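Working through the structure, step by step
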Amino acid sequence: MANFKVNGEDKALDIEPDMPLLWALRDELGMTGTKFGCGIASCGACTVHVNGVAVRSCVTPVSAVEGQEITTIEGLASAAAGTAQPVATFDPANSALTAVQQAWIDHQVPQCGYCQSGMIMAVSSMLAQNPNPSDADIDSSITNVCRCGSYPRIKRAIRSLATA
Ligand code: FES
Ligand code: FES
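Residues numbered from 1 in each chain as written. Chains lettered and ligands numbered in written order. Predicted model: local features only at pLDDT ≥ 70, side-chain atom pairs only at ≥ 80, totals over all residues. Heavy atoms only, no water.

Within the open sheet, the five strands sit side by side as S2-S1-S5-S3-S4. Their pairing is mixed. Looking at the sheet topology across the chains shown, the edges are occupied by strand S2 (9-13) and strand S4 (53-56). Strand-to-strand twist in this sheet, taken as the mean axis angle between neighbours without regard to direction, amounts to 40°. Note: strand S3 (residues 47-50) against strand S5 (residues 69-71), two bridges, orientation antiparallel. Each bridged residue has a counterpart across the sheet, and for Val-50 the counterpart in S5 is Ile-70. In this fold helix H4 (residues 116-129) packs onto S3, S4 and S5, with an angle of close to 40° to the strand it touches most, S3. (Pairing = 2+ DSSP bridges. Helix = DSSP H or I, 4+ residues; strand = E, 2+ residues; numbered from the N terminus. Axes fitted to C-alpha atoms, helices over the stretch in contact; angles between N-to-C directions. Contact = heavy atoms within 4.5 Å.)

Structure, rendered in structure tokens:
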């Protein structure tokens, strides 16, 4: 069994302890906002938060997050507001966005969008630790890959938050 909390909801799954968290989220819990890209911790598409810290879930076995608090893109806004909602009742249309999510809209960051869940999770974690990052800080912290090349808009969105 694997036991952890996802977006405020307790989960007990009958799965192997070495199953990557990514597959527990996607295949066992049906939460497909977290994406599979490379499977080797290189692209960041699978980024989630474990106790608020960005983690690449494709290489994180569920045994490593036993009893921990997982936040996915589906629960980011309610987690930030301190009002974690159960996934079953989460309604994106009627939930406030985080400042990062709003900045992504304001600056029209996504193109195909595939990498953007992971980007937003990584950037949210970075800004929680470093609210006013330099370009060098961004480059060293955000190593996620965007095949559409949205990096300039990602930086603009981050800068708008840093100077807000
Ligand atoms: S899918 Fe996890 S880092 Fe690429
Ligand atoms: S927006 Fe397409 S991969 Fe990043």
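Still more to cover.
Where burial is concerned, the two faces of S3 agree: the one with Thr-47 and His-49 and the one with Val-48 and Val-50 are both buried. Hairpin connection between S3 and S4: a loop of two residues separates the two successive antiparallel strands, and Asn-51 in this loop has a positive phi of roughly 50°. (Buried < 20%, exposed > 50% of the residue type's maximum accessible area, 1.4 Å probe, protein only.)

Further remarks concern the pattern of salt bridges. Going through the model one piece at a time under the given rule, you end up with three salt bridges. For Arg-159, the salt bridge goes to Asp-135, with nearest N and O atoms at 3.1 Å. One end of the pair, Arg-159, is in helix H6 (residues 151-162); the other, Asp-135, is in helix H5 (residues 135-141), with 24 residues separating them in the sequence. With relative accessibility at 36%, the residue Arg-159 sits in the partly exposed group. Residue Lys-155 pairs with Asp-139 through a salt bridge whose shortest N-O separation is 2.8 Å. Note that Lys-155 is positioned in helix H6 and Asp-139 in helix H5, a separation of 16 residues in sequence. (Salt bridge = Lys/Arg side-chain N within 4 Å of Asp/Glu carboxyl O.)

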